[in-house]
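Analysis of the macromolecular model
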Amino acid sequence: MRSPAKRLYAIARQLTGSAISVALTLLGLIFVTFAVGRLIPIDPVVAAIGEKAPQAAYDRMYKELGLDRPVYEQFIAYVGKVVHGNFGNSVFTGRPVLQDLASVFPATLELATIGILIGVLVGVPLGVVAAANKGRWQDQAIRVLSLSGYSVPVFWLGIVLLLVFYGRLEWVAGPGRIDVAYDGLVEEWSGILTIDALRAGDMDVFRNALSHMILPATLLGLFSLAYIARMTRSFMLTQLNQEYITLARAKGATEHSVVWRHALKNARVQIITVCFLSYGFLLEGAVLTETVFSWPGLGLYMTNALFNADLNAVIGGTILIGAVFILLNALADVVYRFADPRTA
């Protein structure tokens with residue numbers, strides 16, 4: 001058993017290695033987006049000034065974009081711009097891409113956070129119960145639920161939820177993030193409407209924003225739940241077949257203690273990783289969900305950018321998505337090192 005000082009030193013050394021790994025991975029991501037931007041059959045000059053611009057304007061913009069310089073100089077300049085958050089201007093909105101991303105990402109963050117909370121708080125216990133009752137009706141029911149989460153088309157289920165709970169029953173608000181009557185009543189502080197409304201003490205805006213969020217967040221939560229429950233079941237079955245579980249049962253440990261105390265404790269590192277990855281998938285922008293519910297988040301923004309051949313917006317959004325995944329992986333690594341001292 002290592003002393004606390006040695007353990008902290010080991011963690012600090014591993015965190016330093018993780019930081020270097022994150023930096024190199026981000027550099028690789030930047031290189032890939034740079035290469036893709038040069039390979040896509042879209043002229044960045046034409047995208048910036050239009051097809052009918054005179055040749056003189058074309059030549060001037062060509063030089064301003066640095067396309068007349070060697071490729072390695074273009075890449076160095078590109079890295080410098082990305083590091084400073086300069087992705088250029090969006091052709092579709094006419095604003096800096098960074099400004100657009102800063103305005104749409106909080107909406108996706110709000111939606112994905114509620115979705116992953118549903119997925120973790122429901123999916124993990126379901127996965128544990130399914131593993132503990134392998135082959136029984138509980139296991140079969142949970143497996144059917146997980147399979148449904150994978151199989152049912154997002155677009156179709158979203159429309160059905162809108163028709164039933166908004167159109168027919170009128171239990172929740174419909175598409176969009178907030179009703180027009182409440183738009184702009186709360187000062188934007190974090191970009192997350194529910195938090196901004198609570199900070200301002202405006203419960204009417206909070207309730208309206210929450211009502212709009214229920215259906216899309218539940219839909220994301222269902223698909224996240226299905227993945228997390230399935231993976232948790234798999235991890236738990238592996239642990240329940242280990243020799244230490246047999247020994248615990250032989251010593252008279254209750255089944256509840258065996259499952260929830262011993263097996264779940266040893267499966268937690270893998271479960272933490274899966275939860276973080278699932279959160280990353282939600283944060284990357286649930287394109288179909290945001291499209292169905294007209295949710296002004298990253299997914300809808302990227303969809304519009306692709307349809308309008310907005311190269312700057314596409315590359316900026318891609319880098320943001322990649323950075324989110326990389327940072328979440330690094331954070332998961334940190335969390336499970338503290339959760340399980342054996343990994344430090």
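I will try to describe carefully the structure that is included in this document. Since the structure is predicted, the reported quantities are computational estimates derived from the model, not experimental observations.

Things to note about the environment of I30
Within the element layout of this structure, I30 appears in helix α1 (residues 4–39). In the structure, I30 is positioned 182 residues away from H212 in sequence and 36 Å away in space, judged by C-alpha atoms. When sequence neighbours within four positions are dropped, the list of residues in contact with I30 reads F75, Y78, V79 and V82.

Some remarks on the nonpolar core
Counting 60 residues, the largest nonpolar core has Y78, M236, L240, I271, L283 and L298 as its most contacted members. For this core, the elements supplying multiple residues, two or more each, are α1, α4 (71–83), α5 (97–132), α9 (203–240), α10 (243–250), α11 (255–283), α13 (298–307) and α14 (311–339). Per element, the largest residue contribution to this core is 14 residues, and it comes from α11. Once you skip the residues sitting within four places of it in the chain, L240 turns out to touch A131, A132, I245, R249, V258, V259 and A263. With nine residues, the next largest nonpolar core counts L161, L162, V172 and F223 among its residues.

Here we look at the side chain of N208
Inspection of the secondary structure assignment puts N208 in helix α9. Residue N208 is classed as buried on the basis of its relative accessible area, which comes to 10%.

With respect to the packing of aromatic side chains
Following the criterion strictly, the structure yields five aromatic pairs and no others. A centroid spacing of 5.2 Å and a plane angle of 75° characterise the contact between F281 and F325, whose relative ring orientation is edge-to-face. Placement of F281 in helix α11 and of F325 in helix α14 is noted, with a sequence separation of 44 residues between them. Relative accessible area serves as the criterion here: at 46%, F281 is assigned to the partly exposed category. Given the relative accessible area of 17%, F325 is considered buried. Every member of this aromatic cluster is reached through a ring pair, and the members are F31, F34, F75 and Y78.

Overview of a nonpolar patch on the surface
On the surface, a cluster of nonpolar side chains totalling about 670 Å² of accessible area is made up of F155, I159, L163, V164, L169, W171 and L288. Top contributing element to the nonpolar patch by residue count: helix α7 (residues 154–168), with four residues. Residue L169 is classed as partly exposed on the basis of its relative accessible area, which comes to 36%.

Topic: the packing of α7 against α9
Following both chains from N to C, one finds α7 and α9 inclined at 140°, their axes separated by 10 Å at the closest point. Overall, the two elements α7 and α9 adopt an arrangement that is oblique. As for how α7 packs across α9, the hand of that crossing is right-handed. Here V154, L157, G158, L161, L162 and F165 of α7 come into contact with α9, specifically with L215, L219, L222 and F223.

Thoughts on the side chain of S90
The topology assignment puts S90 in the loop between α4 and α5. When its relative accessible area of 4% is taken as the criterion, S90 is described as buried. Separated by 3.2 Å, the side chain of S90 and the backbone nitrogen of T93 make a polar contact.

Describing unusual backbone geometry
Positive phi, close to 55°, is recorded for E170, a residue that is not glycine. Checked against the element boundaries, E170 lands in the loop between α7 and α8 (193–200). One non-glycine residue, S294, adopts positive backbone phi at about 50°. Counting through the fold element by element, S294 comes out in the loop between α12 (287–292) and α13. Look at S294 and you get partly exposed, because its relative accessible area is 40%.

What about α5?
If you check α5, its first and last C-alpha atoms are 49 Å apart, about what 36 residues at 1.5 Å a residue would give, namely 52 Å. At V104, α5 shows its maximal kink, close to 25°; a proline, P106, follows between one and four residues later.

Things to note about the pattern of salt bridges
Evaluated as defined, the whole model comprises five salt bridges. Two residues, E110 and R177, come together in a salt bridge whose shortest N-O distance is 3.0 Å. One end of the pair, E110, is in helix α5; the other, R177, is in the loop between α7 and α8, with 67 residues separating them in the sequence. Given a relative accessible area of 5%, E110 falls into the buried group. In this structure, E255 and R249 form a salt bridge, with 2.7 Å as the shortest nitrogen-oxygen distance. Using a relative accessible area of 41% as the deciding quantity, one classes E255 as partly exposed.

The rules behind each value
Residues numbered from 1 in each chain as written. Predicted model: local features only at pLDDT ≥ 70, side-chain atom pairs only at ≥ 80, totals over all residues. Heavy atoms only, no water. Helix = DSSP H or I, 4+ residues; strand = E, 2+ residues; numbered from the N terminus. Contact = heavy atoms within 4.5 Å. Core = buried A, V, L, I, M, F, W, Y, C linked by side-chain atoms within 4.5 Å. Buried < 20%, exposed > 50% of the residue type's maximum accessible area, 1.4 Å probe, protein only. Phe/Tyr/Trp six-rings, centres within 6.5 Å; stacked < 30°, edge-to-face > 60°. Patch = residues over 30% accessible without salt bridge, like charges linked within 9 Å, V, L, I, M, F, W, Y side chains within 5 Å. Areas by Shrake-Rupley, 256 points an atom, 1.4 Å probe, with all protein chains shown as cover. Salt bridge = Lys/Arg side-chain N within 4 Å of Asp/Glu carboxyl O. Axes fitted to C-alpha atoms, helices over the stretch in contact; angles between N-to-C directions. Parallel < 35°, antiparallel > 145°, perpendicular 65-115°, else oblique. Left-handed = near helix turned anticlockwise from the far one by under 90°. Polar contact = N/O pair within 3.5 Å; in protein donor to acceptor, adjacent residues only side chain to side chain. Expected span 1.5 Å × (residues − 1). Bend = angle between axes of the 7 residues up to and from the residue.

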